[in-house]
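Each chain is listed here by its residues.
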Amino acid sequence: MEAVAALLPPGRHAYEDILAGVRSGRYRFARIRAASGRLNVLIGLSPAQLDTLAREAARRGLGLALIGSRVSGPRLRQRTLDPLLAELLPLSAEKRTPSPTWPGAEGLRIEKTAIKEFGLNDPHTSDLHAILIDPTCRPEAVLARQALELELAFRGLGTSFPIKVMATLEGRRFRGEEDFIAHGAGYLARLLPPGTTRRAPELRRAFSELYAPVGVARPLLVRADLVNGLWNAVLASLSFSAALPLHPVVPVAAFAFGLGGRYLARLKTWVSGAPAETPASNAAALALDGLIGTALMALLVNPVAGWGLPLDRILQASALHTLSKGSWRLWLDKRCSRLDVRGQARGVFLASGLNFLIGLVTAFVYAGRPAAVVLQAALAGAGLALAFRRGD
């Protein structure tokens, strides 16, 4: 098993300092998507090490729920992710939970305000918990043996902190992610002050910020994706028909883009480097958006529709389209990728509406209207200011 160095130096590390190190290239940690959809850096694990975690679990027919400060940041950061977390999460703990090969610890005070690197055997070192998700519902003794095997395998990764593999939590096994998030919502409910309650969706939404599923099956498409496909087809048809003869290739291509809109948004957010984006990584995400749009127009829509648009006009319009519509959409993509599947789909729906308005301008740029070029440039300036603004 390959051991890849992705280590913080010994000491305490604020989350923003870690992100700054990622931006500068000092650290190369894996990135992982929380159940909420938010991209996080997996502090202390390289991409190769994360692949090993996933591969070892999959080889045994298991998924993992990774949870802890190395997944979603120390408590100071976790408390910024949802109002309920700001209200409920304490900033310290009094014990470390034991696992198959790592001892626990009691009667000490563990601060949760920073990532701590004091060595494998120091209980104050920030650890990582990997909770088993077992869709086959194996007997508890069998699952405990699998947890032991995985934890021993993970010891070979060469990390500077314990990776604790848990077959159960509070005696409960998890057959799927639904079981796990319900248990997590119950955990948050127990932290509520006496006499107060919160609705289950609020608790589930908050808990989804704290863990990342690995190798856990999720539906490829949801009903909202179909709605987005139809919505995008209608709006694209309206915007293009305002300046160019309408052809069926327009709604067909637009439907495909709307149907896969969540995945395109997630791809561009990934390329942007979130949550440690830089001007260069944001520019790369915009360039990807421009490449997709230019290729679609030049290689598919224009020749199939028979519009006969010259390549130089397509390139000019696509460049303005990327700087305006693409920048606004990147800003929305990064914001909405932090939400659950429904929130991500809602973001695609909203982006399609905004894109319709900007797409009208683009259509007139394709048609050769000078005033449209000026308006598109103004929209680009505003969109770029938003898209390149640094945000966690």
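*Asks:* For the overall build of the protein chain, give the residues involved together with the corresponding values.
*Replies:* Regarding its fold elements, the protein chain presents 15 helices and 10 strands. For the protein chain, the spread of C-alpha atoms along the principal axes amounts to about 75 × 50 × 40 Å. Within the span of the protein chain, comprising 392 residues, buried residues form 50% of the whole. Carbon together with sulfur atoms contributes 63% to the accessible area of the protein chain, which is approximately 17500 Å² in total. Distance between charge centres in the protein chain, computed from 47 positive and 30 negative side chains, equals 4 Å.

*Asks:* Quick one: what's the story with unusual backbone geometry, residue by residue and with numbers?
*Replies:* The omega angle of the peptide bond from Ala274 to Pro275 is 5°, so this bond is cis rather than trans. Its place among the elements puts Pro275 in the loop between α11 (261-271) and α12 (279-305). Backbone geometry at Cys137 places phi at a positive 55°, although glycine is not the residue there. Phi is positive for Glu170, which is not a glycine, with a value near 55°. Assessed through its relative accessible area of 63%, Glu170 is described here as exposed.

*Asks:* Describe in detail the packing of α11 against helix α13 (residues 311-336), supporting the description with residues and values.
*Replies:* Between α11 and α13, whose axes approach to 9 Å, the crossing angle comes to 95°. Put simply, α11 runs roughly perpendicular to α13. In this structure, α11 contributes Gly261, Ala265, Lys268 and Thr269 to the contact, and α13 contributes Arg329, Leu330, Asp333 and Lys334. Residues of the contact of α11 with α13, tallied by class, amount to 2 nonpolar, 2 polar and 4 charged.

*Asks:* Which residues make up the sheet that holds strand β8 (residues 128-133), and what are the values?
*Replies:* The strands that make up a sheet pair up through hydrogen bonds in the backbone, lying either parallel or antiparallel. The 4 strands lie next to each other as β9-β8-β4-β10, forming an open sheet whose pairing is mixed. In this open sheet, the two edge strands, each paired with only one partner strand, are β9 (163-166) and β10 (211-214). Sheet twist, expressed as the average angle between the axes of neighbouring strands with direction ignored, equals 25°. Pairing of β8 with β9 involves 4 bridges; the strand directions are parallel. In the sheet register, Ala130 faces β9, and the bridge partner there is Val165. Across the sheet, helix α2 (residues 47-59) is in contact with β4 (63-67), β9 and β10; its angle to β4 comes to roughly 140°.

*Asks:* Before we move on, can you summarise the nonpolar core with the specific residues and values?
*Replies:* For soluble globular proteins, nonpolar side chains are generally found buried alongside one another. Counting 26 residues, the largest nonpolar core has Leu64, Leu66, Leu132 and Phe154 as its most contacted members. The biggest single contributor to this core is helix α6 (residues 140-155), with 5 residues. Excluding residues that lie within four positions of it along the chain, Leu132 makes contacts with Leu62, Gly63, Leu64, Leu143, Ala147, Leu150, Val165, Met166, Ala167 and Phe174. In terms of nonpolar packing, the next biggest core, distinct from the first, is built from 21 residues, Phe174, Leu192, Phe207 and Tyr211 among them.

*Asks:* Requested: an account of the pairing of strand β2 (residues 30-33), with residues and values cited.
*Replies:* Residues Ala30 and Ile32 point to one face of β2 and Arg31 and Arg33 to the other, with burial holding for every one of them. Here 4 bridges tie β2 to strand β3 (residues 39-42), and the two strands are oriented antiparallel to one another. Opposite Arg33, over in β3, you have Leu39 as the bridge partner. Between β2 and β3, which follow one another and run antiparallel, lie 5 residues, and Gly37 among them has a positive phi close to 105°.

*Asks:* Tell me about the pattern of salt bridges, and name the residues and values.
*Replies:* For the structure on display, the rule yields 19 salt bridges. Salt-bridge contacts for Glu117 lead to Arg70; the nearest nitrogen and oxygen are separated by 3.0 Å. Within this pair, whereas Glu117 is found in strand β7 (residues 115-117), its partner Arg70 is found in helix α3 (residues 69-72), the two being separated by 47 residues in sequence. Of the two residues examined, Glu117 and Arg70, each falls in the buried class. Two residues, Arg138 and Asp134, come together in a salt bridge whose shortest N-O distance is 3.0 Å. Of the two residues, Arg138 and Asp134, neither departs from the other in class, the shared state being buried. Because the salt bridges share partners, they merge into one network encompassing Glu56, Arg59, Arg60 and Glu149.

*Asks:* Tell me about the packing of aromatic side chains, and name the residues and values.
*Replies:* Geometrically, a pair of aromatic rings is defined through the distance of the ring centres and the angle of the planes. Per the stated rule, a full pass over the model turns up 7 aromatic pairs. Here Phe180 and Phe207 contribute two aromatic rings whose centre-to-centre distance is 5.6 Å and whose plane-to-plane angle is 55°, an arrangement assigned as tilted. Separated by 27 residues along the polypeptide, Phe180 in helix α7 (residues 177-191) and Phe207 in helix α8 (residues 200-207) bring together distant segments of the chain. Each of the two residues, Phe180 as well as Phe207, counts as buried. On the numbers, 5.7 Å between centres and 15° between planes, the contact of Phe240 with Trp307 is stacked. One end of the pair, Phe240, is in helix α9 (residues 223-241); the other, Trp307, is in the loop between α12 and α13, with 67 residues separating them in the sequence. The same class applies to Phe240 as to Trp307, namely buried. An aromatic cluster is present here, built from Phe174, Phe180, Phe207 and Tyr211 joined pairwise through their rings. Note that Arg70 overlies the ring of Phe161, its terminal NZ or CZ placed 3.7 Å from the centroid. One cation-aromatic arrangement involves Arg155 over Trp102; the distance from NZ or CZ to the ring centre is 3.7 Å.

*Asks:* Talk me through helix α10 (residues 249-259); I want residue IDs and the actual numbers.
*Replies:* Here α10 has its buried residues at Val249, Val250, Ala253, Ala254 and Gly258. Seen along its axis, α10 keeps its buried residues to an arc of 160°; they face one direction.

Cut-offs and rules
- Residues numbered from 1 in each chain as written.
- Predicted model: local features only at pLDDT ≥ 70, side-chain atom pairs only at ≥ 80, totals over all residues.
- Heavy atoms only, no water.
- Helix = DSSP H or I, 4+ residues; strand = E, 2+ residues; numbered from the N terminus.
- Buried < 20%, exposed > 50% of the residue type's maximum accessible area, 1.4 Å probe, protein only.
- Areas by Shrake-Rupley, 256 points an atom, 1.4 Å probe, with all protein chains shown as cover.
- Lys, Arg positive; Asp, Glu negative; His and termini not counted.
- Charge placed at Lys NZ, Arg CZ, Asp CG, Glu CD.
- Axes fitted to C-alpha atoms, helices over the stretch in contact; angles between N-to-C directions.
- Parallel < 35°, antiparallel > 145°, perpendicular 65-115°, else oblique.
- Contact = heavy atoms within 4.5 Å.
- Nonpolar A, V, L, I, M, F, W, Y, C, P; charged D, E, K, R; others polar.
- Pairing = 2+ DSSP bridges.
- Core = buried A, V, L, I, M, F, W, Y, C linked by side-chain atoms within 4.5 Å.
- Salt bridge = Lys/Arg side-chain N within 4 Å of Asp/Glu carboxyl O.
- Phe/Tyr/Trp six-rings, centres within 6.5 Å; stacked < 30°, edge-to-face > 60°.
- Lys NZ or Arg CZ within 6 Å of the ring centre and 35° of its normal.
- Arc of directions from axis to C-beta.

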